[in-house]
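Each chain, written out:
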Amino acid sequence: MSLLFSPLSVRDVTFKNRLWVAPMCQYSAEDGVVNDWHHVHLAQFASGGAGLIVSEAAAVVPEGRISPRDAGIWNDEQRDAWANIITSIHARGSLAGIQLAHAGRKASTWWPFSGRSGSVSVSEGGWDTAAPSDIAYEGFTSPKAMTSAEIATTVDAFRAAARRSVDAGFDVIELHAAHGYLLHEFLSPLSNQRTDEWGGSLENRARLLLELVRVVRDEVGAGAPLFVRFSATDAAPGGLTTEDVAIVARWTSEAGADLSDVSTAGLVAHQAIAIGPGYQVAHAARIREVSGALTAAVGIITSGGQAEQILQSGDADAIFAGREFLRDPHFALRAASELGEDPESIWPPQYIRAYRAASM
Ligand code: FNR
């Protein structure tokens with residue numbers, strides 16, 4: 001059996017394989033409530049054999065949305081809409097995760113296919129943004145620096161979102177600390193220039209993330225896997241390096257997180273990063289080595305063979321794929337066939353005739 005299709009147990013949860021769907025914003029929600037688009041979109045990956053499907057960034061407060069069309073998890077209507085989708089994912093034999101998010105200074109922006117770019121003004125349905133410091137992302141409106149009271153309110157919002165996520169039936173919680181959104185903004189010295197206990201040293205900059213790991217762990221209990229998505233580097237002078245993030249990953253693991261999901265960049269527009277097949281795997285490997293905890297790799301991983309090789313090399317414990325699942329929602333079934341797995345145990349019985357026909 002391949003490593004990719006070997007089960008992985010984390011706390012009380014066993015993933016049937018290690019090929020997982022990465023979080024991907026659909027910019028298709030109304031008032032943060034997911035709908036039929038999200039339902040079909042996410043459930044199709046379960047029919048396609050993915051071991052875990054992580055939802056798009058779900059905002060913990062309205063002002064934490066990247067755009068007015070982002071999904072949310074700050075009220076019960078949103079929770080119940082997610083619950084319907086989770087039922088379908090479970091019925092198809094996969095597990096469901098939610099990515100809890102706050103967009104910080106990158107909130108209130110036009111969504112990619114809106115035909116517009118930059119910040120949405122308040123008069124057009126946007127809102128004022130908040131961040132660790134009042135430093136704007138290039139081209140966006142300036143955020144207000146959060147007060148200590150606003151930070152405390154944000155912690156409470158993550159706690160409430162974690163409770164609603166568990167009540168909705170999610171199996172996994174992921175904290176979004178990557179791509180230049182609020183938790184990453186606190187971590188990076190380029191966006192966090194606070195002089196109180198939330199800024200300055202790496203320890204202070206990591207304080208909010210570590211507090212959230214503890215609070216969410218307390219809220220969800222000992223059995224539920226808790227992941228953290230990191231940007232391993234800011235890829236910009238003076239920004240976070242993989243060594244910094246590896247230390248923070250170790251701290252999150254000591255505080256109760258189970259797995260680091262390793263992406264890169266997104267903090268500043270002037271980042272310089274070379275993109276190609278498996279371009280973030282080396283970062284995952286280093287974070288795995290330093291943190292001693294489970295790690296997932298993501299970024300242009302598009303075949304079963306490539307994914308298997310990453311696991312066999314000991315660079316990661318699981319694989320997230322995004323765009324390959326958009327190109328082929330049954331990517332996991334395809335990867336299983338490529339690796340010679342027994343289709344009878346992996347393909348849905350409703351689809352098995354297609355496999356037999358293909359192999360005839
Ligand atoms: C993304 N990505 C992303 N990442 C994240 O942490 N939260 C999110 O909500 C989104 N949204 C999103 C939407 C869409 C349409 C795409 C294509 C990507 C990044 C994604 O999870 C993944 O890390 C990257 O796409 C790189 O992996 P692939 O696509 O090369 O497998």
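Residues numbered from 1 in each chain as written. Predicted model: local features only at pLDDT ≥ 70, side-chain atom pairs only at ≥ 80, totals over all residues. Heavy atoms only, no water.

A.B. asks: Help me understand the pattern of salt bridges, please; the structure alone is not making it clear to me.
C.D. replies: Taken as a whole, this structure holds 21 salt bridges when the rule is applied. A salt bridge links R79 to D76, with the shortest nitrogen-to-oxygen separation between them at 3.5 Å. One end of the pair is R79 and the other is D76, both in helix α2 (residues 76-91) and three residues apart, which spans about a single turn. A relative accessible area of 37% places D76 in the partly exposed class. Among the salt bridges present, the one from D317 reaches R288, with a minimum N-O distance of 2.7 Å. Pair noted here: D317 is in the loop between α9 (304-312) and β12 (318-321) and R288 is in helix α8 (residues 281-291), with a separation of 29 residues, a long-range link. Residue classification places D317 among the buried residues on the basis of a relative accessible area of 9%. (Salt bridge = Lys/Arg side-chain N within 4 Å of Asp/Glu carboxyl O. Helix = DSSP H or I, 4+ residues; strand = E, 2+ residues; numbered from the N terminus. Buried < 20%, exposed > 50% of the residue type's maximum accessible area, 1.4 Å probe, protein only.)

A.B. asks: I keep staring at the site of the ligand and nothing clicks. Help me out?
C.D. replies: Surrounding the ligand, one finds 16 residues, the nearest of these being P23, Q99, I300, G322 and R323. Interatomic distance of 2.9 Å between a backbone N/O atom of C25 and a nitrogen atom of the ligand. Within the complex, 82% of the 600 Å² of free accessible area of the ligand lies under protein. (Near = heavy atom within 4 Å. Polar contact = N/O pair within 3.5 Å; in protein donor to acceptor, adjacent residues only side chain to side chain. Areas by Shrake-Rupley, 256 points an atom, 1.4 Å probe, with all protein chains shown as cover.)

A.B. asks: It is not clear to me how the nonpolar core should be interpreted in this structure. Could you clarify?
C.D. replies: As a rule of thumb, soluble globular proteins bury nonpolar side chains together. Counting residues in hydrophobic clusters, the biggest one holds 86 residues, and the most contacted among them are W82, L100, L175, L209, I319 and F325. Excluding its chain neighbours within four sequence positions, the residues that come into contact with L175 are L100, F158, L209, L212, V213, V216, L226, F227, V228 and R229. F15, A22, L95 and A296 belong to the second-largest nonpolar core, a separate cluster that totals 16 residues. (Core = buried A, V, L, I, M, F, W, Y, C linked by side-chain atoms within 4.5 Å. Contact = heavy atoms within 4.5 Å.)

A.B. asks: Is there a simple way to explain the confidence of the model for the protein chain in this structure?
C.D. replies: Parts of the prediction with low pLDDT should not have their coordinates interpreted in detail. Looking at the protein chain, pLDDT values average 97 and 99% of them are 70 or higher. Taken together, the chains of this predicted complex give a pTM of 0.98 and an interface ipTM of 1.00. (pLDDT = per-residue confidence, 0-100.)

A.B. asks: Explain the UniProt feature "domain: NADH:flavin oxidoreductase/NADH oxidase N-terminal" (unreviewed entry) in the protein chain here, please?
C.D. replies: Using the residue numbers shown here, the UniProt feature "domain: NADH:flavin oxidoreductase/NADH oxidase N-terminal" (unreviewed entry) corresponds to residues 4-339. Within the segment residues 4-339, helix and strand shares are 36% and 16% respectively, and the terminal C-alpha atoms sit 9 Å apart. (UniProt positions renumbered as here; feature names shortened; annotations may be inferred.)

A.B. asks: Would you explain the packing of aromatic side chains in this entry?
C.D. replies: Under the counting rule described, the total for this entry stands at 11 aromatic pairs. Their ring planes at 15 degrees and their centres at 5.7 Å tell us that W20 and F227 sit as a pair that is stacked. Of this pair, W20 sits in strand β3 (residues 19-21) while F227 is found in strand β9 (residues 226-231), placing the two residues 207 residues apart along the sequence. Of the two residues, W20 and F227, neither departs from the other in class, the shared state being buried. Taken together, F15, W20, F227 and F320 form an aromatic cluster joined through their ring pairs. (Phe/Tyr/Trp six-rings, centres within 6.5 Å; stacked < 30°, edge-to-face > 60°.)

A.B. asks: Mind showing me how you'd approach the sheet that holds strand β5 (residues 95-101) here?
C.D. replies: Sheet strands pair via backbone hydrogen bonds, and the direction of the pair is either parallel or antiparallel. Strands sit in the order β3-β4-β5-β8-β9-β10-β11-β12 around a closed barrel of eight strands; the barrel is parallel. Ignoring which end each strand starts from, the neighbouring axes of this sheet average 30 degrees apart. Two elements, β9 and strand β10 (residues 259-263), share five bridges in a ladder whose sense is parallel. Considered in β10, the bridge of F227 is made with L259. Strands in contact with helix α3 (residues 148-168) are β5 and β8 (172-177); relative to β5, the strand with the most contacts, it is inclined by about 165 degrees. The strands touched by α8 within the sheet are β10 and β11 (294-298), with β11 carrying the most contacts at an inclination of about 175 degrees. (Pairing = 2+ DSSP bridges. Axes fitted to C-alpha atoms, helices over the stretch in contact; angles between N-to-C directions.)

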